[in-house]
Amino acid sequence: QLTHSGYYFENGSEAACYSNFEQAVSDQRWIVVPLWHPQFLHYRYTIRALEEPKGLLGGQDEATLIVSRSVIGDFEPPLLAELKALSPGNDAISELDYLICRENKTPRQAVESWYQRHSRI
């Protein structure tokens, strides 16, 4: 369907995909790019998902916390329980990804910045 509307497929790197998307937004022109969620572009831009009737991409992803078995013993049980209960969601992970990828913060700095903006304490 997209071919009939003048779009075409072009191979490229992940960085080129991001750059082309941001340039298209800057130029105020339409572009179709394969993105996933969570991902930093979703924090900065309003992105409209296209219908994917064949289900080839498997639906929308959800942010999930994981920990390596090699370090799990370093955590106290109450902390592990807290981590298991965390459900940050795609919006929070997209924002953290933006802080790291576009504001060049370390993961720790990104979390601290995010927490300061969103903490209700």
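Residues numbered from 1 in each chain as written. Predicted model: local features only at pLDDT ≥ 70, side-chain atom pairs only at ≥ 80, totals over all residues. Heavy atoms only, no water.

Draft legend 1. Structural context of the packing of aromatic side chains. Under the counting rule described, the total for this entry stands at four aromatic pairs. Geometrically, the ring pair formed by Phe-21 and Tyr-45 is edge-to-face, given 5.3 Å between the ring centres and 80° between the ring planes. Of the two residues, Phe-21 sits in helix α1 (residues 14-27) while Tyr-45 sits in the loop between α2 (41-44) and α3 (69-72), which places them 24 residues apart along the sequence. For the pair Phe-21 and Tyr-45, one class covers both residues: buried. With 5.1 Å between their ring centres and 50° between their planes, Tyr-43 and Tyr-98 make a pair best called tilted. (Phe/Tyr/Trp six-rings, centres within 6.5 Å; stacked < 30°, edge-to-face > 60°. Helix = DSSP H or I, 4+ residues; strand = E, 2+ residues; numbered from the N terminus. Buried < 20%, exposed > 50% of the residue type's maximum accessible area, 1.4 Å probe, protein only.)

Draft legend 2. Fine view of unusual backbone geometry. A cis amide bond links His-37 to the next residue, Pro-38, at an omega of 10°. The residue Pro-38 is located in the loop between α1 and α2 in this model. With phi around 55°, Gln-28 is a residue other than glycine that occupies positive phi space. Tracing the backbone through its elements, the reader meets Gln-28 in the loop between α1 and α2. We classify Gln-28 as exposed; its relative accessible area is 75%. Non-glycine residue Asn-104 carries a positive phi angle of around 55°. As for its placement among the helices and strands, Asn-104 is situated in the loop between α5 (89-101) and α6 (107-118).

Draft legend 3. Just the nonpolar core, in detail. Counting residues in hydrophobic clusters, the biggest one holds eight residues: Cys-17, Tyr-18, Phe-21, Val-33, Phe-40, Leu-41, Tyr-45 and Tyr-98. The element best represented in this core is α1, accounting for three residues. Residues within four places of Cys-17 in sequence aside, it is in contact with Val-33 and Pro-34. (Core = buried A, V, L, I, M, F, W, Y, C linked by side-chain atoms within 4.5 Å. Contact = heavy atoms within 4.5 Å.)

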